[in-house]
Amino acid sequence: MDIQTLRAKHPDHWMRATAIRALALDAVAAANSGHSGMPMGMADVATVLFDKHLKFDPKAPRWADRDRFILSAGHGSMLLYALLYLTGYADMTLAEVKNFRQWGAITAGHPEYGHVAGVETTTGPLGQGIANAVGFAIAEESLRARWGAKVQDHHTWVVAGDGCLMEGVSQEAIGLAGKLQLSRLIVLWDDNGITIDGKVSIADVTDQQARFAASGWDVFACDGHDPVDIDRALTEAKASARPALVACKTHIALGHAAEGTSKGHGALTDKVQLLAAKDGYGWPGAAFEVPADVKRWWESLGTKGAKARAEWEGRFATLSPAKQAEFTRIFALEAPARLAATIRAVKKQAVVDQPKLATRAASEKVLGAVNPVAPETIGGSADLTGSNNTKTADLGVFSPEDRKGRYVYFGIREHGMAAAMNGMVLHGGVRPYGGTFMCFTDYARPSMRLSALMGVPVVYVMTHDSIGLGEDGPTHQPVEHLAISRATPNTLVIRPADLVETAEAWEIALSEKTRPTVLALSRQNLPAVRTTHTNTNMVAKGAYVLAEAGAKRQVILIATGSEVEIALKARAMLEGEGIGTRVVSMPSMELFASQDEAWRKRVLPAGPVRVAIEAGVRQGWDRWLLGERGREAKADFVGMSSFGASAPIDRLYAEFGITAEAAVAKAKAML
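These figures come from a predicted structure and were not determined experimentally.

**Here we look at the overall build of the protein**
Link 1 in the chain: Within the protein, the regular secondary structure consists of 26 helices and 18 strands.
Link 2 in the chain: Taking the principal axes of the C-alpha coordinates as reference, the protein spans close to 95 × 55 × 45 Å.
Link 3 in the chain: Considering only residue pairs separated by 6 or more positions, the protein has 78% of its internal contacts joining residues 24 or more positions apart.
Link 4 in the chain: Accessible surface, the protein: about 23600 Å² in total, of which carbon and sulfur atoms supply 52%.
Link 5 in the chain: Mean positive and mean negative side-chain charge positions of the protein (73 and 73 charges, respectively) differ by 6 Å.

**So, the pattern of salt bridges**
Link 1 in the chain: According to the stated counting rule, one finds 42 salt bridges in the structure shown.
Link 2 in the chain: Put simply, Arg-406 and Asp-394 hold a salt bridge, and the shortest N to O gap is 3.9 Å. Here Arg-406 is found in the loop between α16 (385-388) and β9 (407-409), whereas its partner Asp-394 is found in the loop between α16 and β9, with 12 residues between them in sequence.
Link 3 in the chain: Judged by its relative accessible area of 10%, Arg-406 falls in the buried class.
Link 4 in the chain: Bridged by salt links that share partners, the residues Glu-140, Glu-141, Arg-144, Asp-153, Arg-184 and Arg-403 form one connected network.

**Remarks on unusual backbone geometry**
Link 1 in the chain: Backbone geometry places Ala-253, a non-glycine residue, at a positive phi of 60°.
Link 2 in the chain: Summarising the element assignment, Ala-253 is placed in the loop between β7 (244-249) and α11 (271-281).
Link 3 in the chain: Judged by relative accessible area, which is 0%, Ala-253 ranks as buried.
Link 4 in the chain: At Gln-354, a residue that is not glycine, the phi angle is positive and equals roughly 45°.
Link 5 in the chain: Considering the arrangement of structural elements, one finds Gln-354 in the loop between α14 (339-353) and α15 (359-370).

**Quick notes on the nonpolar core**
Link 1 in the chain: Met-78, Leu-188, Val-246 and Trp-298 are the most contacted members of the largest nonpolar core, which has 71 residues in total.
Link 2 in the chain: In contact with Trp-298, not counting residues within four places along its chain, are Arg-16, Ala-19, Ile-20, Thr-47, Phe-50, Leu-83, Leu-86 and Thr-87.
Link 3 in the chain: Judged by nonpolar contacts, the second largest core, of 65 residues, contains Ala-139, Val-425, Leu-426 and Leu-450.

**What to know about the packing of aromatic side chains**
Link 1 in the chain: Under the definition given, this model contains 17 aromatic pairs.
Link 2 in the chain: Measuring from centroid to centroid gives 5.6 Å for Trp-14 and Tyr-281, while their planes differ by 70°, and the two rings are edge-to-face. With Trp-14 in helix α2 (residues 11-31) and Tyr-281 in helix α11, this residue pair connects regions lying 267 residues apart in the sequence.
Link 3 in the chain: When its relative accessible area of 1% is taken as the criterion, Trp-14 is described as buried.
Link 4 in the chain: For Tyr-281, a relative accessible area of 0% puts it in the buried group.
Link 5 in the chain: Their ring planes at 90° and their centres at 5.0 Å tell us that Phe-212 and Trp-217 sit as a pair that is edge-to-face. Of the two residues, Phe-212 and Trp-217, both sit in the buried class.
Link 6 in the chain: Through a chain of ring-to-ring contacts, the aromatic side chains of Trp-147, Trp-312, Phe-316, Phe-327 and Phe-331 assemble into a single cluster.
Link 7 in the chain: Between Lys-295 and the ring centre of Tyr-85, over which it is positioned, the NZ or CZ distance is 4.6 Å.

**Focus on empty space enclosed by the protein**
Link 1 in the chain: In this structure the tally under the stated criterion is four cavities of 30 Å³ or more.
Link 2 in the chain: There is about 130 Å³ of room inside the largest cavity.
Link 3 in the chain: In terms of residue class, the lining of the largest cavity is built from nine nonpolar, one polar and four charged.

**Some remarks on the sheet that holds β9**
Link 1 in the chain: Read across the open sheet, the six strands follow the order β9-β8-β10-β11-β13-β12; overall the sheet is parallel. Strands at the two margins of the open sheet, each flanked by one partner only, are β9 and β12 (492-494). Each strand of the sheet is rotated relative to its neighbour by a mean of 20°, with strand direction disregarded.
Link 2 in the chain: Taken together, the three bridges between strand β8 (residues 377-381) and β9 define a ladder with parallel strand orientation. By the bridge assignment, Ser-381 is partnered in β9 with Tyr-409.

**As for the side chain of Lys-278**
Link 1 in the chain: Tracing the backbone shows Lys-278 in helix α11.
Link 2 in the chain: Assessed through its relative accessible area of 6%, Lys-278 is described here as buried.
Link 3 in the chain: Aside from chain neighbours lying at most four places away, what touches Lys-278 is Ala-22, Asp-26, Trp-283, Ala-286 and Ala-287.

**Let's talk about the environment of Val-617**
Link 1 in the chain: You can see Val-617 is positioned in the loop between β17 (609-613) and α24 (622-625).
Link 2 in the chain: C-alpha separation for the pair Val-617 and Val-638, spaced 21 residues apart in sequence, amounts to 9.1 Å.
Link 3 in the chain: Other than its neighbours up to four places away in sequence, Val-617 contacts Val-479, Glu-480, Ala-483, Phe-637 and Met-640.

**Points about the confidence of the model for the protein**
Detailed reading of the predicted coordinates is not advisable wherever pLDDT falls low.
Link 1 in the chain: Of the residues in the protein, 100% reach a pLDDT of 70 or more, and the chain-wide mean stands at 98.
Link 2 in the chain: Least confident of the elements in the protein is helix α1 (residues 3-9), whose mean pLDDT is 95; most confident is β12, at 99.

**Brief notes about the layout of surface pockets**
Link 1 in the chain: Quantified by volume, the largest pocket comes out at close to 320 Å³.
Link 2 in the chain: Lining of the largest pocket is provided by 17 residues; of these, Glu-565, Ile-566, Lys-569, Asp-650 and Tyr-653 occupy positions nearest its centre.
Link 3 in the chain: Among the elements of the structure, α21 (564-576), α25 (649-655) and α26 (660-669) are those that each provide at least two residues to the lining of the largest pocket.
Link 4 in the chain: At four residues, α25 tops the list of elements feeding residues into the lining of the largest pocket.
Link 5 in the chain: Across the lining of the largest pocket, the residue classes break down as seven nonpolar, four polar and six charged.

**Quick notes on the packing of α15 against helix α20 (residues 499-509)**
Link 1 in the chain: The N-to-C vectors of α15 and α20 enclose an angle of 55°; their axes lie 9 Å apart at closest approach. One finds that α15 runs oblique with respect to α20. Judged by the twist between their axes, the crossing of α15 over α20 is right-handed. Residues Thr-359, Ala-362, Ser-363, Lys-365, Val-366 and Leu-367 of α15 form the contact with α20, whose own contacting residues are Leu-499, Thr-502, Ala-503 and Trp-506.
Link 2 in the chain: Considering only residue class, the contact of α15 with α20 consists of six nonpolar, three polar and one charged.

Calculation notes
- Residues numbered from 1 in each chain as written.
- Predicted model: local features only at pLDDT ≥ 70, side-chain atom pairs only at ≥ 80, totals over all residues.
- Heavy atoms only, no water.
- Helix = DSSP H or I, 4+ residues; strand = E, 2+ residues; numbered from the N terminus.
- Contact = heavy atoms within 4.5 Å.
- Areas by Shrake-Rupley, 256 points an atom, 1.4 Å probe, with all protein chains shown as cover.
- Lys, Arg positive; Asp, Glu negative; His and termini not counted.
- Charge placed at Lys NZ, Arg CZ, Asp CG, Glu CD.
- Salt bridge = Lys/Arg side-chain N within 4 Å of Asp/Glu carboxyl O.
- Buried < 20%, exposed > 50% of the residue type's maximum accessible area, 1.4 Å probe, protein only.
- Core = buried A, V, L, I, M, F, W, Y, C linked by side-chain atoms within 4.5 Å.
- Phe/Tyr/Trp six-rings, centres within 6.5 Å; stacked < 30°, edge-to-face > 60°.
- Lys NZ or Arg CZ within 6 Å of the ring centre and 35° of its normal.
- 1 Å grid on protein atoms, 1.4 Å probe; cavity = no way out; pocket = protein on both sides within 12 Å on 5 of 7 lines; lining within 4 Å.
- Points joined across faces, edges and corners; volume = space filled by probe spheres on them.
- Nonpolar A, V, L, I, M, F, W, Y, C, P; charged D, E, K, R; others polar.
- Pairing = 2+ DSSP bridges.
- Axes fitted to C-alpha atoms, helices over the stretch in contact; angles between N-to-C directions.
- pLDDT = per-residue confidence, 0-100.
- Parallel < 35°, antiparallel > 145°, perpendicular 65-115°, else oblique.
- Left-handed = near helix turned anticlockwise from the far one by under 90°.

Shown next as structure tokens:
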């Protein structure tokens, strides 16, 4: 539908949608930066969605049963900011809109979770939003099955563009959603045929509607500028028994000189062209001015949402006090009351049994105890369930037939798994963990980075964490991946050495609220190194003295995970020669760095030579070897400086020099 017809047939809708276009033009022009065209093209779709379909209340932006609206095409952030301002979200003031993309403003260039109410997830890296949305929809289905439709019964709506659909993670996401028949997930595709470089056709020939249909979705289409046709398509999509794609045929930068061109994708800042577009719209007033009647209409939409929210609160109040408290707990990410006692029991038994276990198997043992007392956990694996040891007997499998199941078979979709887990946490009421090989964090990296950026406590169960995985060789052996994970801000990395440390690591991970945890777990069996019980969570200290020097202390050996065993063997050899040696287990550099100076000095005092032992690269270790009262002349490292090789584990450790003998030689050379 062209502008003239749209204005003539639907004058009220036209002015309401044009408020979005005008604000987008003004904000991008004021910032001299941004993306005007997508908000201008999708304004009609957004107006119909918020008017007739979206369940929301600006006065209660965290209401648990609201519909979730995700702008996967995050570059068009002014679409979302305009909607939040127009509908009356308290923190999205006109001043914030005017400060678009400026220091200290909540109106960041791309929507950022936690900065502003109404932004459900951080988007901008294309494809992330649609992949997050799969996790939102999984959480909704799971919670509806467990709590009933009177408590959880809503949709997840996504606006995605051609860029989102070209990114590989989108196929991982839509394939998983189709398999799981996530019928409350609806994607509104901004089908404008334009990318930064030009027409989509210069780089892609995919029939997107056929692609979604082949992936198990129901597909609908509409004229993205005809409010009646949009409403029809959205109504049909909501009635679908499967996830739904609505292909909305739109014109990027509608009504501007750059309409339908790649220039329309970016910042439309030319003043003459901007004023000409507004004149063509019939839009009155100066920059950032919205007619009072238009603003009142937008704000009235929130009133409908307030009624729905009040009705929900009435239903929620009929639950027993215990159920209300449990629902509140899981949405607040509070650890279950029995978690600490459960972990203590695992630790006590571990000290008695002193099992020789791979830490991946230790993790499974801990989960077997924890999952029954933490009903909010949902586990999964990227097609490595038997290797990651992530499925416990009590979970059941989440499927169209069993929405109460708590284990997701993600398939070979590491990136999609990580993105979906972000969405689960962001939805609320769910605490996900998912596994793959440590080396394949490379496939999941963009979403792991966003876990950290958003501060969401996803647990990444990364097994086969070193050359210790053996014969699969360097393609599967991570050497740089611990350093990469540790280098990512706001990421907690824990590499436990035995069952006790693994139990403590899980207690920490399941108590986190503001950052993801990477658990680096071994393929190979490891001996018990914690042989006496303490109620104190020593992993929470980051590093601690595992074995003290018998003679005068001259050497400190620092190790993580599978190399703690090597450190203990080296200590025995050095002590046998009368060289007093302390062994420090350092399962988490981040947790140790957060301890006070007194604790760090107690663990790493000045004086003795230091040798760190880890089957990874040295990067990140110099803070503990050269800093914290250390000296370069009195510090060395036993680990990897190259990729690995294909061979049995014992041969690999010997060939790469990660042995007790190597640690002893390096320590003695510095004495």
